[in-house]
Amino acid sequence: MRAAAVLLVLLALAGCGGTVQVEPPAPAGPAVAACDRLATLLPASLDGAERGTSEPRSPYVAVWGDGTIALRCGVPRPARMAPTDQLQEINGVGWFADPERPALYTAVTDAAYVEVTIGGGHVPGDVLAELSGPVGRMAG
């Protein structure tokens, strides 16, 4: 299922226009409240890209540009993340960079895992720096 969601996001990154197809995650437990809060904190524009729409609509998905940046809140722990992996800390939030998918990053927080796919010429460090503020505040 995760592979299908990543594939849909990558298709959007390839330049498909219109509404972006992104499979929404199904957060559980405390992640639901954290993701609901994050949805209210996300910016209208990100790294110069305006907020877009995704299908199916979900409070746990946000896209900017024509899907060049996509966020999914409440995803499972990354399967490739080992307990010994180093996270890249940006503005107080630890980010896991998937070694096999260079455009895929996951924020590792106590409240929820937040997956971000970045493409379209955006600089990952800039996007993650902008998202770290809202992600860091989502737990309340």
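Reading guide: rules and limits
Residues numbered from 1 in each chain as written. Predicted model: local features only at pLDDT ≥ 70, side-chain atom pairs only at ≥ 80, totals over all residues. Heavy atoms only, no water. Core = buried A, V, L, I, M, F, W, Y, C linked by side-chain atoms within 4.5 Å. Buried < 20%, exposed > 50% of the residue type's maximum accessible area, 1.4 Å probe, protein only. Helix = DSSP H or I, 4+ residues; strand = E, 2+ residues; numbered from the N terminus. Contact = heavy atoms within 4.5 Å. pLDDT = per-residue confidence, 0-100. Expected span 1.5 Å × (residues − 1). Salt bridge = Lys/Arg side-chain N within 4 Å of Asp/Glu carboxyl O. Disulfide = S-S within 2.5 Å. Pairing = 2+ DSSP bridges. Axes fitted to C-alpha atoms, helices over the stretch in contact; angles between N-to-C directions. Polar contact = N/O pair within 3.5 Å; in protein donor to acceptor, adjacent residues only side chain to side chain.

- With an unreviewed UniProt entry as reference, the protein is termed DUF3515 domain-containing protein, source organism Nonomuraea coxensis DSM 45129.

**Considering the nonpolar core**
Part 1 of the argument: Counting 28 residues, the largest nonpolar core has W64, L71, W95, V114, V116, L131 and M138 as the members making the most contacts within it.
Part 2 of the argument: Mapped onto this core, the elements with two or more residues apiece are α2 (30–41), β5 (61–64), β6 (69–75), β8 (93–97), β9 (104–108), β10 (113–118) and α3 (124–137).
Part 3 of the argument: Discounting residues that sit within four places of it in the chain, W95 has contacts with L87, Q88, I90, Y105, T106, A107, V114, V116, L128, L131, S132 and V135.
Part 4 of the argument: Counting residues in each nonpolar core, the second largest holds five residues, with V22, V61, V63 and A70 among its members.

**As for the confidence of the model for the protein**
Part 1 of the argument: With 86% of its residues at a pLDDT of 70 or more, the protein shows a mean pLDDT of 88.
Part 2 of the argument: Ignoring residues within four places in sequence, the model shows residues 1–16, a span with pLDDT below 50, making 30 contacts including any to other chains.

**Thoughts on α3**
Part 1 of the argument: Its 14 residues give α3 an end-to-end C-alpha distance of 20 Å, which sits within 8% of 20 Å, the value for a rise of 1.5 Å per residue.
Part 2 of the argument: Listed in full, the buried residues belonging to α3 are V127, L128, L131, S132, P134 and V135.

**What about the pattern of salt bridges?**
Part 1 of the argument: Taken as a whole, this structure holds three salt bridges when the rule is applied.
Part 2 of the argument: For E115, the salt bridge goes to R72, with nearest N and O atoms at 2.9 Å. Residue E115 is found in strand β10, and its partner R72 is found in strand β6; the two are separated by 43 residues along the sequence. Each member of the pair E115 and R72 is classed as buried.

**A few points about the state of the cysteines**
Part 1 of the argument: Inspection of the entire model under this criterion finds one disulfide.
Part 2 of the argument: There is a disulfide in this structure between C35 and C73, and the S-S distance comes to 2.0 Å. Its torsion about the S-S bond being -80°, the disulfide of C35 and C73 is classed as left-handed. Of this pair, C35 sits in helix α2 while C73 is found in strand β6, placing the two residues 38 residues apart along the sequence. Both residues of the pair, C35 and C73, belong to the buried class.

**Looking at the sheet that holds β6**
Part 1 of the argument: Read from one edge to the other, the open sheet built from six strands follows the order β5-β6-β10-β9-β8-β7, with strand pairing classed as antiparallel. Looking at strand neighbours, the two that pair on one side only are β5 and β7 (88–90), the edges of this open sheet. The average angle at which neighbouring strand axes cross in this sheet is 25°, direction not considered.
Part 2 of the argument: Strand direction decides the pairing type here: β6 and β10, joined by six bridges, are antiparallel. Bridge pairing links I69 to I118 in β10.

**Structural notes on the side chain of S132**
Part 1 of the argument: Tracing the chain through its elements places S132 in helix α3.
Part 2 of the argument: Within polar-contact distance, the side chain of S132 engages the backbone oxygen of I90 at 3.0 Å.

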